[in-house]
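Residue-level structure breakdown
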Amino acid sequence: MRYLGWLFALWLLVLHGCAPSSQSPVSAESRTVLQPAPRGVLQVVFLDVGQGDSALITFPNGKTMLIDGGEVEQGRVLVRKLQQLGVRRLDWVVASHPHSDHIGGLIEVLRTVPVSEVWDIGSPYESPVYRDFLRAVRQARAPSGGRPKFRVVRSGLTLEAAPNVRVSVLAPREPLLQGTRSDPNNNSIVLRLDAPGGSFLFTGDIEREGRQRLYAARANLRADVLKVSHHGAANGTDRAFLNRVQPRVAVISVGAGNRYGHPHRETLALLRGVRLYRTDLNGDIVMRLGSERKLQIATTRTATAGSTRPVARPAPAFAVIGNHRSKVYHAPDCPSLPKPENQVRFRSSQEAEAAGYRPHTCVEGE
Ligand SMILES: [Zn+2]
Ligand SMILES: [Zn+2]
């Protein structure tokens, strides 16, 4: 019964045909529900976890890799979605970088699902969520009964996850970047996934310095599907990067009405002409590559699937809140906001910094 939906989707594809020639074609989009991947099929699901990132790869041999898990509050939702996807164990859990919108939901996953191996950048990072994450790794169960292996990964690592399906770590590389706008973002684990008929690039939240590192290392960035970096922020994507990747399909993992104004108008403009999916509009985005080597895409919501029209989203009126006594600025939902009488409002962190304010760590968690 559960495959009927996909059979229907397949029928739609056959009807509606597909695009380019030399590369594997991309299917017309259709609606689906989350369900286990059939054997022999590579399935990549970009999970809607609100403002954050999460993607589950199910390899043709049934092995699984979860890249990021959204915020802590998304943990239960994420576990439920993994159950719908038939996940009983995870072979690899990848924490692209220690920001809460990437690792938060992984804590509940580690408590609930047996995990063989956890990948991390292994760079010291002070935050309660990262501390809880590391504790959850130490206390998690591996399918074999022991504890998951905690692995600090660097570029050069490759994994033959299934026959002819390879995962390659493109970043970070030693020495880790320091002194950038956000070192955790720029040192994100960047992965490429190559399978017969298609390739995917997972970029975490890398920004300009992270991209330059990839160019300097002559990393192979060309990919059919791009997980757009940093939730579509302007610093996550530029023309030079897109020229290297040449994606046919792009995914922005982003929460509706988020406080950062992601995705940025500029990013959406740059992606014109690329088939674009967004978790805030399309829900969960399911991609499959089977033996016919055709990339099938279906989503759990059909809102404006496939649209590359930029959705005008006004920037939040007050992006950060400063304390005029301490000259520190905070995200508007920071748990330790200054007293109302000490608050100064700025339209952006740049504006606050130009006025001589420095960030409180609550602003870090993007
Ligand atoms: Zn981040
Ligand atoms: Zn992020």
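The structure under discussion appears in the preceding block.
Structure report, in brief. In this numbering scheme, every chain counts its residues from 1 along its sequence in written order. Labels are handed out in written order, letters beginning with A for the chains and numbers beginning with 1 for the ligands. Local features are withheld for residues below a pLDDT of 70 in this predicted model, meaning they are given only at 70 or higher, and side-chain atom pairs are given and counted only at 80 or more; totals for whole chains, interfaces and linings count all residues. Computation of side-chain values covers all heavy atoms of the structure but excludes hydrogens and water.

Remarks on the sheet that holds strand β19 (residues 343-346)
Here four strands make up an open sheet; going across it, the order is β19-β17-β18-β20 and the pairing mixed. Edge positions in the open sheet fall to β19 and β20 (358-359), since each of these has one partner strand only. A strand pair is defined by DSSP finding two or more bridges across the two strands. Helical segments are the DSSP runs of H or I of at least four residues, strand segments are the runs of E of at least two, and each set is numbered from the N terminus. Both strand β18 (residues 328-330) and β20 contribute to a ladder of two bridges, which runs parallel. Bridging from a neighbouring strand, Tyr-329 pairs with Pro-359 of β20.

A word on the nonpolar core
The definition of a nonpolar core used throughout is a set of buried Ala, Val, Leu, Ile, Met, Phe, Trp, Tyr and Cys residues joined through side-chain atoms within 4.5 Å. Relative accessibility decides the category of a residue: with a 1.4 Å probe and only protein chains considered, values under 20% of the type maximum give buried, values over 50% give exposed, and everything between is partly exposed. In terms of nonpolar packing, the biggest core is built from 36 residues, with Phe-59, Met-65, Trp-119 and Phe-200 touching the most fellow members. The contact partners of Trp-119, leaving out residues within four places of it in the chain, are Met-65, Trp-92, Val-93, Val-94, Ala-95, Arg-151, Val-153, Leu-157, Leu-159, Val-169, Ile-189 and Leu-191. Counting 30 residues, the second-largest nonpolar core is a separate cluster that includes Leu-66, Val-93, Val-113 and Val-129. Whether two residues are in contact is decided by their heavy atoms: any pair within 4.5 Å suffices.

Concerning the sheet that holds strand β8 (residues 158-162)
Ordered by their spatial adjacency, seven strands build an open sheet running β8-β9-β10-β11-β12-β13-β14, and the pairing between neighbours is mixed. Since the sheet does not close on itself, it has two edges, and those belong to β8 and β14 (275-278), each with one partner. For this sheet the average axis-to-axis angle between neighbouring strands, irrespective of direction, equals 20°. Helix axes use the C-alpha atoms of the stretch in contact, all axes being lines fitted to C-alpha atoms, and the angles between their N-to-C directions lie in the range 0 to 180 degrees.

Describing the coordination of the zinc ion (ligand 2)
Coordination of the zinc ion (ligand 2) by the protein is provided by Asp-101 (OD), His-102 (NE2), Asp-205 (OD) and His-231 (NE2), with metal-donor distances spanning 2.1 to 2.2 Å. As a motif over one chain, the donors of the zinc ion (ligand 2) read D-H-x102-D-x25-H. Donor atoms (N, O, S) are those found within 2.8 Å of the metal centre, with the cutoff raised to 3.2 Å for Na, K and Ca; water is not part of the atom list, so apparent gaps in a site can occur. Between the two metals, the zinc ion (ligand 2) and the zinc ion (ligand 1), the spacing is 3.5 Å, and Asp-205 donates to both. Here Asp-101, found in helix α3 (residues 100-103), pairs with Asp-205, found in the loop between β11 (198-202) and α7 (208-216); they are 104 residues apart in sequence, far enough to count as distant. Across the pair, exposure class does not vary: Asp-101 and Asp-205 are buried alike.

A look at the environment of Val-274
Mapped onto the elements, Val-274 comes out in the loop between α9 (265-270) and β14. Take Val-274: its relative accessible area is 11%, and that puts it in the buried class. Considered as a pair, Val-274 and Pro-247 are 27 residues apart in the sequence and their alpha carbons are 6.9 Å apart.

Remarks on the packing of aromatic side chains
Stacked, edge-to-face and tilted are the three classes for Phe, Tyr and Trp ring pairs, Trp counted by its six-membered ring, which pair at centre distances within 6.5 Å; planes under 30 degrees apart are stacked, over 60 edge-to-face, the rest tilted. Taken as a whole and judged by the stated rule, the model has six aromatic pairs. Judged by centre distance (4.9 Å) and plane angle (65°), the rings of Phe-346 and Tyr-357 are edge-to-face. Here Phe-346 is found in strand β19, whereas its partner Tyr-357 is found in the loop between α11 (349-354) and β20, with eleven residues between them in sequence. For the pair Phe-346 and Tyr-357, one class covers both residues: buried.

Some thoughts on the pattern of salt bridges
A carboxyl oxygen of Asp or Glu within 4 Å of a side-chain nitrogen of Lys or Arg is what we treat as a salt bridge. A full pass over the atoms with the stated rule returns 16 salt bridges. Residue Arg-278 pairs with Asp-280 through a salt bridge whose shortest N-O separation is 2.7 Å. The pair Arg-278 / Asp-280 is uniform in exposure class, with both members buried. One salt-bridge network, in which partners are shared between bridges, spans Arg-222, Asp-224 and Arg-248.

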